[in-house]
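Below are the chains, spelled out letter by letter.
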Amino acid sequence: MAKPSKPSVPDYLQALGQPQWITCDIRTFDMKVLGKFGVIMADPPWEIHQDLPYGTMADDEMRKMNIKVLQDDGVIFLWVTGAPVCVSVSVQC
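Residues numbered from 1 in each chain as written. Predicted model: local features only at pLDDT ≥ 70, side-chain atom pairs only at ≥ 80, totals over all residues. Heavy atoms only, no water.

1. Description of the overall build of the chain
No. 1: Scanning the chain from terminus to terminus reveals two helices and two strands.
No. 2: Accessible area of the chain: about 7,800 Å², with a carbon and sulfur share of 57%. (Helix = DSSP H or I, 4+ residues; strand = E, 2+ residues; numbered from the N terminus. Areas by Shrake-Rupley, 256 points an atom, 1.4 Å probe, with all protein chains shown as cover.)

Structure below.
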């Protein structure tokens, strides 16, 4: 009896060797230098009107980010809090 073949994984979902991250002001960073990704996991600094130990971004600043240069095909997992869920749905990549 022949072994069932494994389904192939699309190139854009192939795992990278090591996790990658950057430290920068994402509002002004030229994202084109990063290349393309099949999976993006983002935890944006939502402006939730609380004292936080880090800077936050307004909804309009997030909408202006050039995310579309990071993917031709793939998925984006976006962490949201309860309040800005409708904003995250309206972000178009």
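2. Considerations on the environment of Gly35
No. 1: Within the secondary structure, Gly35 sits in the segment before β1 (39-42).
No. 2: Dropping the residues within four chain positions of it, Gly35 is found in contact with Val69 and Leu70. (Contact = heavy atoms within 4.5 Å.)

3. Observations concerning a nonpolar patch on the surface
No. 1: Residues Val39, Met41, Val75 and Phe77 make up a contiguous nonpolar surface patch of roughly 420 Å² in combined accessible area.
No. 2: Contributions of two or more residues to the nonpolar patch are made by β1 and β2 (75-78).
No. 3: Its location among the elements puts Met41 in strand β1. (Patch = residues over 30% accessible without salt bridge, like charges linked within 9 Å, V, L, I, M, F, W, Y side chains within 5 Å. Salt bridge = Lys/Arg side-chain N within 4 Å of Asp/Glu carboxyl O.)

4. Section: the pattern of salt bridges
No. 1: Across all of its chains, the model carries four salt bridges by this definition.
No. 2: A single salt-bridge network, built from bridges that share partners, covers Asp25, Arg27 and Glu61.

5. So, the confidence of the model for the chain
No. 1: Summing up the model confidence of the chain, the mean pLDDT is 77 and the portion of residues at 70 or higher is 74%.
No. 2: For the chain, per-element mean pLDDT is lowest for helix α2 (residues 85-90), which scores 50, and highest for β2, which scores 86.
No. 3: Segment residues 88-93 is flagged for pLDDT under 50; beyond a separation of four residues in sequence, or across chains, it makes eight contacts in the model. (pLDDT = per-residue confidence, 0-100.)

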